[in-house]
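Read off the chains here:
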Amino acid sequence: MTEFTKDDWVKLSQSVRIPSLQVIGGKAVDAASGETFESVNPATQQVIGSVPASSSEDVDRAVQAARTAFESGTWSRSSPEHRKSVLHKLADLISKNARELAVLESMDMGKPVEHALNIDIAGTAHFWHWYAEAIDKVFDEIAPTGQGDLAMIRRVPMGVVAAVVPWNFPLEMATWKCAPALAAGNSVVLKPAEQSPLTAIRMAELALEAGLPEGVLNVVTGDGPNTGMPLGQHMDVDVLAFTGSTQVGKLFMGYSAQSNMKPVWLECGGKSPILVFEDTADLDAAATLAAQGIFFNQGEICSATSRLFVEASIKDAFLDKLIEKASVYKPADPLDPATQMGAIVNTLQTDSIMRFIEDGKKNADLILGGQQLTIGQSSNFIPPTIFDNVTNDMRIGREEIFGPVLSVIPFKTEEEAVGMANQSIYGLGGSVWTSNLSRAHRVSDQLNVGTVSVNCVDAISAMTPFGGMKQSGFGRDLSLHALDKYTSLKTVWVKY
């Protein structure tokens, strides 16, 4: 691709088609009620378009379409080679339409368009390719039995999968759920966040173009009470996968108990620690990635390293470097390719972050940022914000903020650092910086989190599982382990 300028992105934003209908049974349809809700660009406060406001009736239609497609076998019983070919075609179409998808993503939730293009959309295509290739690489098993018995252990698709995904990485998070679910032969009903529905609809359109049978991937747009809850309570949904807040994750567990006991896989909130020890070999690199770990994507990342534990002997020197590195993240127009920090997703989230900041000012030392900015017609901009001398009992040190706010907590000993890092209801990710190999392993063993990144931050790969412990949930996205969520084990015992 040739390099796009700001003017190019602006022109594309003005001409791009805005998806306005959900996809059910392979057809673009309105909500049964005819009601809609507006999609608003948080960077401009301008209405981009409107999409259907789904209700339980729409959820019923989508689940029925998914069930009919599953039972027909056009996808669920198709050959691995066929499913692999279709998912590869979808990945290629995503790459082919990358700029369109990137500008929709940027306009919908405020992130820098170059980040959307080079990280979100590129990652989305990669994950679709990866799971396409996995389809004919995962084998069933034969159990060791006596002569005259053959015990086969087969992976079979669950049936209808409901996927409820967040707004911070709309298309990529949808892919983390849909790609392994479809690779395994399931049908899917996808509910994107109401703040960011556009690219999910477009992906469903591209999936049909790639050859995915009608009804295999359905997208319903709406809010939690009217769309998410009916999905969670639906008696004909076989499994539900969710990424979002811990509070809503608990609701979905309740919905399962109230309905058909469907498995619910949760990837929820986080308050991830980053531990920087005195023996860190490269403090510049540590500062660069510490800034990235909390300020990238406006801090709207469940695994953001929002608690910085830094050894007291190097704290002042490290904070000087960190403040310098944070200067890269200046809120600006998301359609400018130079922008490294965009808008907060909406006014509600902006107000929530500012309440945390005001609370932090009462208890800790504000050393950077802390103000709400107005750029153009929008006040949904918050610069990198750092509080020093935070403790775990403060709200800013304890609760998930989901914004560009870093809490600095000094420590004197390794034992103290690990103890404070584990004092959290969350256990999603963690980062450890040290040049001591024994310490790296020792601390990694003791941190109660799903992923420990040593001398890096938030290490994510298609090859390794992503998920947490404690109230960060127990689901795992990515890697071959993700297929476990969307398949059942069936034993077939043959006596001969």
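Preceding this paragraph is the structure being described.
Residues numbered from 1 in each chain as written. Predicted model: local features only at pLDDT ≥ 70, side-chain atom pairs only at ≥ 80, totals over all residues. Heavy atoms only, no water.

Asks: How do you make sense of the overall build of the chain when you look at a structure like this?
Replies: The helix and strand inventory of the chain stands at 15 helices and 23 strands. What you see for the chain is a C-alpha radius of gyration of 23 Å, in line with the 23 Å of a compact globule of 496 residues. Along the first, second and third principal axes, the C-alpha atoms of the chain reach 70 × 60 × 45 Å. Across the 496 residues that make up the chain, the buried fraction comes to 58%. In the chain, the share of contacts with a sequence separation of at least 24, taken over all contacts with a separation of at least 6, comes to 74%. For the chain, the accessible area works out to roughly 19,300 Å², and carbon and sulfur atoms hold 53% of it. With 40 positive and 57 negative side-chain charges, the chain shows a spacing of 4 Å between the two charge centroids. (Helix = DSSP H or I, 4+ residues; strand = E, 2+ residues; numbered from the N terminus. Rg over C-alpha atoms; globule rule 2.2 N^0.38 Å. Buried < 20%, exposed > 50% of the residue type's maximum accessible area, 1.4 Å probe, protein only. Contact = heavy atoms within 4.5 Å. Areas by Shrake-Rupley, 256 points an atom, 1.4 Å probe, with all protein chains shown as cover. Lys, Arg positive; Asp, Glu negative; His and termini not counted. Charge placed at Lys NZ, Arg CZ, Asp CG, Glu CD.)

Asks: Just to check I follow, could you spell out the packing of aromatic side chains for this structure?
Replies: In this description, an aromatic ring pair is defined by two values, namely the gap between the centres and the angle between the planes. Inspection of every chain in the model, using the stated rule, returns 11 aromatic pairs. On the numbers, 5.3 Å between centres and 65° between planes, the contact of W176 with F466 is edge-to-face. Within this pair, whereas W176 is found in helix 6 (residues 170-183), its partner F466 is found in the loop between strand 21 (451-454) and strand 22 (469-470), the two being separated by 290 residues in sequence. Both residues of the pair, W176 and F466, belong to the buried class. With a centroid separation of 6.2 Å and an interplanar angle of 50°, the aromatic rings of F295 and Y329 are classed as tilted. Linking F295 in helix 10 (residues 283-295) with Y329 in the loop between helix 11 (315-326) and helix 12 (347-363), this pair joins segments that are 34 residues apart in sequence. Among the aromatic side chains, those forming a connected cluster through ring pairs are F127, W176 and F466. Between the NZ or CZ atom of R99 and the centre of the ring of F4, over which it lies, the distance is 3.9 Å. (Phe/Tyr/Trp six-rings, centres within 6.5 Å; stacked < 30°, edge-to-face > 60°. Lys NZ or Arg CZ within 6 Å of the ring centre and 35° of its normal.)

Asks: Even after reading the chapter, I still don't get the side chain of D477, so can you show me in this structure?
Replies: Along the chain, D477 falls in the loop between strand 22 and strand 23 (487-495). We classify D477 as buried; its relative accessible area is 1%. When near neighbours in sequence (up to four residues on either side) are disregarded, D477 contacts W176, K177, T243, E267, T464, P465, F466, A482 and K485.

Asks: I would appreciate a short explanation of the environment of M173 in the present structure.
Replies: Tracing the sequence through the fold places M173 in helix 6. C-alpha of M173 to C-alpha of D282: the two residues are 109 residues apart in sequence and 32 Å apart in space. Residue contacts for M173: discarding those within four places in its chain leaves V165, P166, N168 and T243.

Asks: Any chance you could explain the nonpolar core here in plain terms?
Replies: Nonpolar side chains in soluble globular proteins tend to end up buried together. Ranked by size, the top nonpolar core spans 104 residues in total, and within it W9, W128, V188, L190, V276, L308 and F318 carry the most contacts. For V276, the residues in contact, after removing those within four places along its chain, are L283, L308, F309, V310, E311, I314, F318, F411 and W433. A364, F411, M420 and L447 belong to the second largest nonpolar core, which has 26 residues in total. (Core = buried A, V, L, I, M, F, W, Y, C linked by side-chain atoms within 4.5 Å.)

Asks: Help me understand the sheet that holds strand 20 (residues 429-433) in this model?
Replies: Sheet strands associate in pairs through backbone hydrogen bonding, adopting either a parallel or an antiparallel arrangement. Sheet architecture is open: 7 strands sit in the order 14-17-18-13-12-20-21, paired in mixed fashion. Bordering the open sheet on either side are strand 14 (365-368) and strand 21, each of which pairs with just one other strand. Going from strand to strand, the sheet's axes swing by 25° on average, the running direction of each strand aside. Looking at chain direction, strand 12 (residues 273-276) and strand 20 are connected through 3 bridges and run parallel. Considered in strand 20, the bridge of V276 is made with W433. Those strands touched by helix 12 are strand 14, strand 17 (385-388) and strand 18 (405-411), and its axis lies near 30° from that of strand 17. (Pairing = 2+ DSSP bridges. Axes fitted to C-alpha atoms, helices over the stretch in contact; angles between N-to-C directions.)

Asks: Would you mind showing me how to read helix 15 (residues 437-446) here?
Replies: In an α-helix, one turn spans 3.6 residues, which is why side chains three or four residues apart end up on the same side. Every buried residue of helix 15 is accounted for by R439, A440, V443 and S444. For helix 15, the buried positions fall inside an angular range of 125° around the axis, keeping them on one side. The outward face of helix 15, more than 90 degrees from its buried face, is lined by the exposed residues L437 and D445. Residues of helix 15 that are buried in the fold lie against strand 12, helix 14 (414-421), strand 20 and strand 21. Between the side-chain oxygen at the start of helix 15 and the backbone nitrogen of S438 there is a gap of 3.0 Å, and the oxygen is on N436. (Arc of directions from axis to C-beta. Polar contact = N/O pair within 3.5 Å; in protein donor to acceptor, adjacent residues only side chain to side chain.)

Asks: Whenever I open this one, the sheet that holds strand 6 (residues 149-157) confuses me. Can you help?
Replies: The 3 strands lie next to each other as 5-6-23, forming an open sheet whose pairing is antiparallel. Both edges of this open sheet fall to strand 5 (141-143) and strand 23, since each of them pairs with a single strand only. The mean angle between the axes of side-by-side strands here comes to 30°, regardless of whether they run parallel or antiparallel. Where strand 5 meets strand 6, 3 bridges bridge the pair, whose relative direction is antiparallel. Across the sheet, the residue bridging to I142 is M152, located in strand 6.

Asks: So what exactly am I meant to see when it comes to the environment of T5 here?
Replies: Along the chain, T5 falls in the segment before helix 1 (6-15). Separated by 332 residues in sequence, T5 and P337 place their C-alpha atoms 6.7 Å apart.

Asks: Is there a simple way to explain the pattern of salt bridges in this structure?
Replies: Between side chains of opposite charge, a pair can form when the charged atoms approach closely. Following the criterion strictly, the structure yields 27 salt bridges and no others. The residue K137 makes a salt bridge to D136 at a minimum N-O spacing of 2.7 Å. (Salt bridge = Lys/Arg side-chain N within 4 Å of Asp/Glu carboxyl O.)

Keep in mind that these numbers describe shape and distance, not what the molecule does.
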